[in-house]
Amino acid sequence: MRGLAQPAQMLTPELESLIARLPKAELHLHIEGSLEPELLFALAGRNGVKIPFRTVEEVRVAYRFSNLQDFLDIYYQGMAVLLTEQDFFDLTWAYLTRAKSDQVRHVEIFFDPQGHTQRGVAFDTVLSGIERALKTAEAQLGITYRLIMCFLRHLSEEEAFATLDEAMPHLARIHGVGLDSSELGHPPAKFARVFARARELGLHVVAHAGEEGPSEYVEEALDLLNVERIDHGNRALDDAALVRRIAREGLTLTVCPLSNLRLCVIGDMAQSPVARMLEQGLKATINSDDPAYFGGYVNDNYRAVAAALGLSAAQIVQLAENSFTGSFLPPEDVARHLAAVREAAR
Ligand code: ADE
Ligand code: ZN
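Residues numbered from 1 in each chain as written. Chains lettered and ligands numbered in written order. Predicted model: local features only at pLDDT ≥ 70, side-chain atom pairs only at ≥ 80, totals over all residues. Heavy atoms only, no water.

Chemist: Could you give an account of the pairing of strand S7 (residues 252-255), naming the residues involved and the relevant values?
Modeler: Both faces of the sheet carry side chains from a regular strand, because those side chains alternate between them. In S7, alternate side chains face the same way, and those of Thr252 and Thr254 on one face and Leu253 and Val255 on the other are all buried. The pairing of strand S6 (residues 229-232) with S7 spans 3 bridges and is classified as parallel. Residue Asp231 lies in a different strand from S7, and its bridge partner there is Thr254. Each parallel crossover has a hand, and for S6 linked through helix H11 (residues 240-249) to S7 it is right-handed. (Buried < 20%, exposed > 50% of the residue type's maximum accessible area, 1.4 Å probe, protein only. Helix = DSSP H or I, 4+ residues; strand = E, 2+ residues; numbered from the N terminus. Pairing = 2+ DSSP bridges. Right-handed = clockwise from strand over helix to strand, strands pointing away.)

Here's what the structure looks like:
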């Protein structure tokens with residue numbers, strides 16, 4: 001049932017205003033995916049890195065993807081301009097100031113160290129630049145954070161272990177591990193031992209599962225990686241027993257509507273799983289994934305999905321609440337944010 005585009009519905013001014021003012025957390029954001037074309041050009045110039053585009057327009061044309069791999073090829077290419085601690089600071093700071101205007105109060109950010117260390121950029125350079133921006137945002141913008149280091153699943157288990165080793169001296173600065181990149185053919189099972197080690201080290205664990213991969217990958221992420229949260233999780237809906245299990249265990253899913261649309265995981269926004277997840281008792285959240293590549297930040301994602309699915313005010317508030325209950329914040333902070341959500345919703 002692809003291709004029959006639903007006419008986009010208009011959001012009422014009341015729902016527009018609700019989305020704009022609700023405090024929210026963003027739980028699924030790849031910092032390298034927030035590299036806007038303008039910053040790509042600025043950093044390419046600053047670092048003398050050649051890129052295959054001459055204009056922002058050319059970049060936008062290249063950002064037409066027909067699947068996840070199409071996007072990943074461009075995403076890894078874009079990383080080539082990120083070389084210095086200042087580059088990683090500038091990238092992260094640009095995202096955080098943008099998030100502030102969407103009333104984001106807490107972020108749990110992914111970074112892909114292997115995308116940088118493989119190019120000869122030191123782990124500490126990457127981490128220090130990102131962390132300096134996060135700390136500055138905490139002090140100046142009131143945005144709290146957690147940092148999640150992802151393993152690239154198209155690389156080997158051995159390379160993931162080497163990355164975990166490299167992270168060891170910095171573990172006090174990293175809160176969790178995740179699993180991203182090309183999903184098909186790289187099931188969670190491949191990283192069961194690395195995740196077991198990460199859990200022993202006291203790290204939180206999450207994984208992308210069921211974005212392009214089947215519901216069995218979601219099940220494996222639960223059974224073999226013991227994930228605390230599922231990134232995307234769309235295909236979990238193919239298996240009713242799995243849906244019941246996820247609901248029973250109270251796991252949060254970090255759904256990324258514009259990403260799903262731009263990577264052709266769904267044919268149009270009306271096929272977004274967000275409403276079906278909520279209706280089946282799943283703790284869905286709304287996130288931007290790679291906003292510079294997919295045409296929108298977190299509020300754009302709320303607006304797009306609310307318009308296409310005709311979400312109610314109560315469902316929109318539920319999504320914002322889920323973003324805090326699904327975070328790795330301590331209960332007292334979650335409670336404070338939930339009170340703020342309810343206050344803003346009145
Ligand atoms: N890396 C960055 N964005 C991703 C996505 N949506 N899926 C898998 N890996 C990614
Ligand atoms: Zn992602």
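Back to the text.
Chemist: Please give an account of the sheet that holds S7 that cites residues and values.
Modeler: The parallel open sheet is built from 8 strands, whose spatial order is S1-S2-S3-S4-S5-S6-S7-S8. The open sheet is flanked by strand S1 (24-30) and strand S8 (283-286), the only strands paired with a single partner. Between one strand axis and the next, the sheet turns through 25 degrees on average, direction left out of account. Pairing analysis gives 4 bridges linking strand S5 (residues 204-209) to S6, with the strands arranged parallel. When the sheet's bridge partners are listed, Ala209 is paired in S6 with His232. (Axes fitted to C-alpha atoms, helices over the stretch in contact; angles between N-to-C directions.)

Chemist: Any details on the site of ligand 1? Residues and values, ideally.
Modeler: In the neighbourhood of ligand 1, the contacting residues comprise His30, Leu68, Phe71, Leu72, Tyr75, Asp180, Ser181, His208, Glu211, His232, Asp289 and Asp290. The contact in question runs from a nitrogen atom of ligand 1 to an N or O atom on the side chain of Asp289, over 2.7 Å. Considered on its own, ligand 1 offers 260 Å² of accessible surface; in the complex 100% of this is hidden by protein. A per-element tally of the shell around ligand 1 places helix H4 (residues 68-78) first, with 4 residues. (Near = heavy atom within 4 Å. Polar contact = N/O pair within 3.5 Å; in protein donor to acceptor, adjacent residues only side chain to side chain. Areas by Shrake-Rupley, 256 points an atom, 1.4 Å probe, with all protein chains shown as cover.)

Chemist: Which residues make up the side chain of His116, and what values go with them?
Modeler: For His116, the location among the structural elements is in helix H6 (residues 114-117). Leaving out residues up to four positions away in the same chain, His116 has contacts with Glu32, Met79, Leu82, Phe88, Val121 and Val126. (Contact = heavy atoms within 4.5 Å.)

Chemist: I'd like to hear about unusual backbone geometry, residue by residue, with values.
Modeler: In this structure, Asn226 takes a positive phi of about 55 degrees despite not being glycine. Note that Asn226 resides in the loop between helix H10 (215-223) and S6. In this structure, Asp289 takes a positive phi of about 65 degrees despite not being glycine.

Chemist: A description of the coordination of the zinc ion (ligand 2) should follow, citing residues and the corresponding values.
Modeler: Tetrahedral coordination by four donors places them ideally at 109.5 degrees to one another around the metal; octahedral coordination by six donors ideally gives 90 or 180 degrees. At this site the zinc ion (ligand 2) is bound by His28 (NE2), His30 (NE2), His208 (NE2) and Asp289 (OD), with donor distances of 2.0 to 2.3 Å. Taken together, the 4 donor atoms surrounding the zinc ion (ligand 2) define angles of 83 to 174 degrees at the centre, an arrangement classified as irregular. Donor residues binding the zinc ion (ligand 2) come from one chain and are separated in sequence as H-x1-H-x177-H-x80-D. Of this pair, His28 sits in strand S1 while His208 sits in strand S5; the two residues are 180 residues apart in sequence, bridging distant segments of the chain. (Donors = N, O, S within 2.8 Å, 3.2 Å for Na, K, Ca; no water. Tetrahedral: all angles 85-135°; square planar, octahedral: opposite > 155°, others 65-115°.)

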